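Fold and geometry: a report
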Amino acid sequence: MLEVRDLRVAYGAAQALWSVSLDVRDGELLCVVGPNGAGKTTLINTIAGMLRARSGSISLDGRDITQLPAHRFCDAGIALVPEGRRLFTGMSVLENLELGSYLPKAKSERRQTLAQVIDLFPVIEEKLASPAGELSGGQQQMVAIARALMARPRLLLLDEPSLGLSPRIVHDMFAAIRRINAGGMSVLLVEQNVVMAMEVSQRAYVLEEGRVVAEGAPQELLSRPEIQRAYLGV
Ligand code: ATP
């Protein structure tokens, strides 16, 4: 459904992505892993329309969206859960969720979608009136994912959802991501937590220094000696 071709992105003179190509297939849970500074955030932010590519193309269901203004990406069916969550901490959880569904179509389905995200993250229900900033890190990450889901996207982009969370919460978070995908949504997950990300994903890309250096089935990638040396400390 998503086709990224020869994407080059730079910050001024500093090139962050060099000719990156990747595909997300319909209904797939795909991860992009790699070390700090590899370009994962740059890649996902460009796919979300937050950054402009110097060259290359991004298309969704055959429609070229590379030049679409940033605010139209949501309309096109792409929702991003940014690194660091970026909630409106002084606003209530409910207000944060409502902001996720401001477009007419999502707005008309707001009640049903809210019930779905509460089913996915039950703790949200009792926190609806609380300021988002008063929630724990794990709860805030759940709200950030729920806010993106409120837009009823076709493709969900997740930037490091496990960052700063305890192992138990990380486990729950990945279980929820798997459930979201099992419901039919395509998911692109960017992670430094290589083992967990590979465990839940159907396919993986390894990004290093702005380039895709490996791609394939997670089990096959994890069996490669160079991947084991670089990411599993073997
Ligand atoms: P992390 O896991 O630390 O977020 P990452 O894989 O997501 O790493 P990016 O944040 O995309 O990597 O960074 C890729 C490269 O671009 C790095 O060399 C980084 O220093 C550089 N970079 C990122 N953001 C900016 C910016 N706003 N201005 C200049 N350079 C940047």
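Every residue gets a number counted from 1 within its own chain, in the order that chain's sequence is written. Thresholds applied to this predicted model are a pLDDT of at least 70 for local features of residues and 80 or more for the giving and counting of side-chain atom pairs; totals over whole chains, interfaces and linings are not thresholded and use all residues. For the side-chain quantities, the full set of heavy atoms in the structure was used; hydrogens and water were omitted.

**Focus on the confidence of the model for the protein**
Across the chain, each position has a pLDDT score giving the predictor's confidence in that residue, from 0 to 100. Considering every residue of the protein, the mean pLDDT works out to 92; 99% of them sit at 70 or more. As scored by the predictor, the complex reaches a pTM of 0.93 and an ipTM of 0.92.

**Things to note about the sheet that holds strand 2 (residues 14-24)**
Strand pairing is defined by DSSP finding a minimum of two bridges between the two strands. Here a strand is any run of E in DSSP of at least two residues, a helix any run of H or I of at least four, and the numbering for each starts at the N terminus. Across the sheet, which stays open at both edges, the four strands sit in the order 2-1-4-5 with antiparallel pairing between neighbours. Strands with a single pairing partner mark the edges of an open sheet, and in this sheet they are strand 2 and strand 5 (63-64). Bridge count between strand 4 (residues 55-60) and strand 5: two bridges; the pairing is antiparallel. Bridge pairing in strand 5 links Ser 59 to Asp 64.

**Looking at the domain arrangement of the protein**
Domains assigned within the protein are domain 1 (1-77 + 153-234) and domain 2 (85-152). One C-alpha centre belongs to domain 1, the other to domain 2, and the line joining them spans 23 Å. The interface of domain 1 with domain 2 comprises 16 residues on the first partner and 15 residues on the second. Buried area: the accessible surface (1.4 Å probe) lost by two parts on joining, summed over both. Both faces combined, the contact of domain 1 with domain 2 buries some 1,200 Å², and carbon together with sulfur accounts for 75% of it. In terms of surface lost to domain 2, no three residues of domain 1 exceed Pro 153, Met 173 and Arg 179, which account for 35% of the buried area on that side. We define a salt bridge as a contact between a side-chain nitrogen of Lys or Arg and a carboxyl oxygen of Asp or Glu at a distance within 4 Å. Summed over the shared surface of domain 1 and domain 2, the number is one salt bridge. Here Arg 179 and Asp 119 are joined by a salt bridge, their closest N and O atoms 3.3 Å apart. Within 3.5 Å is the distance limit for a polar contact, defined as a pair of N or O atoms, with the added protein rule that one can donate a hydrogen and the other accept it, and that residues adjacent in sequence qualify only through two side-chain atoms. Counting every contact that joins domain 1 to domain 2 gives two residue pairs in polar contact (both at pLDDT 80 or more). In this document the domain limits rely on a domain assignment from an automatic tool or a database. Contact definition: two residues touch when any of their heavy atoms are within 4.5 Å.

**Considerations on the nonpolar core**
For the purposes of this section, nonpolar cores are sets of buried Ala, Val, Leu, Ile, Met, Phe, Trp, Tyr and Cys residues that join through side-chain atoms within 4.5 Å. Each residue's exposure class comes from its accessible area (1.4 Å probe, protein chains only) as a fraction of the maximum for that residue type: buried when under 20%, exposed when over 50%, partly exposed otherwise. If you look at the biggest cluster of nonpolar residues, it comprises 49 residues, and the most contacted ones within it are Leu 97, Ile 124, Leu 156 and Leu 189. The greatest single-element share of this core, amounting to seven residues, is contributed by helix 7 (residues 137-149). In contact with Leu 156, other than residues within four places in its own chain, are Ala 79, Val 81, Ala 148, Leu 149, Ile 180, Met 185, Ser 186, Val 187 and Leu 188. In terms of nonpolar packing, the next biggest core, distinct from the first, is built from 30 residues, Leu 17, Leu 43, Leu 68 and Val 190 among them.

**Remarks on the layout of surface pockets**
In this analysis a 1.4 Å probe is tested at points of a 1 Å grid over the protein atoms alone, and where it fits but cannot get out there is a cavity; an open set with protein on both sides within 12 Å along at least five of seven lines is a pocket; lining residues have an atom within 4 Å of a point. Grid points are joined across faces, edges and corners, and a volume is the space filled by probe spheres set on the points. By volume, the largest pocket amounts to about 640 Å³. If you trace the largest pocket, you find 23 residues lining it, with Met 50, Ala 79, Leu 80, Pro 82 and Arg 147 closest to the centre. Of all elements in the fold, only helix 1 (40-47), helix 2 (72-76), strand 6 (78-81), helix 3 (93-100) and helix 7 reach the threshold of two or more residues within the lining of the largest pocket. With four residues, strand 6 is the largest single contributor of residues to the lining of the largest pocket. Three classes are used: nonpolar for Ala, Val, Leu, Ile, Met, Phe, Trp, Tyr, Cys and Pro, charged for Asp, Glu, Lys and Arg, and polar for all others, with Gly counted as polar. The class makeup of the residues in the lining of the largest pocket is 16 nonpolar, four polar and three charged. Viewed by domain, the lining of the largest pocket spans two of them, domain 1 (1-77 + 153-234) and domain 2 (85-152), each represented by three or more residues.

**A closer look at the site of the ligand**
Being near a molecule or strand, for a residue, means having at least one of its heavy atoms within 4 Å of it. Taken together, 13 residues lie near the ligand, and Asn 36, Gly 37, Lys 40, Thr 41 and Thr 42 sit nearest. The backbone of Gly 39 places a nitrogen or oxygen atom 2.9 Å from an oxygen atom of the ligand. In this structure, Lys 40 approaches the ligand through a side-chain N or O atom, which is 2.8 Å from an oxygen atom. Residue exposure ignores everything except the shown protein chains as possible cover, and the areas themselves are Shrake-Rupley values with a 1.4 Å probe. Taken by itself the ligand offers 630 Å² of open surface, and the protein chains cover 59% of this. Of the residues that constitute the shell around the ligand, the class distribution is four nonpolar, six polar and three charged.

**Re the sheet that holds strand 7 (residues 155-159)**
Across the sheet, six strands lie side by side as 6-7-8-3-9-10; this open sheet has mixed pairing. Looking at strand neighbours, the two that pair on one side only are strand 6 and strand 10 (211-216), the edges of this open sheet. Within this sheet the neighbouring strands show an average axis-to-axis angle of 20 degrees, counted without direction. In terms of strand pairing, strand 9 (residues 203-208) meets strand 10 through five bridges, oriented antiparallel. Looking at strand 10, one finds that Ala 204 is bridged to Gly 216. The angle between two axes is taken between their N-to-C directions and runs from 0 to 180 degrees, where each axis is a line fitted to C-alpha atoms and a helix contributes only its stretch in contact. Across the sheet, helix 7 is in contact with strand 6 and strand 7; its angle to strand 6 comes to roughly 170 degrees.

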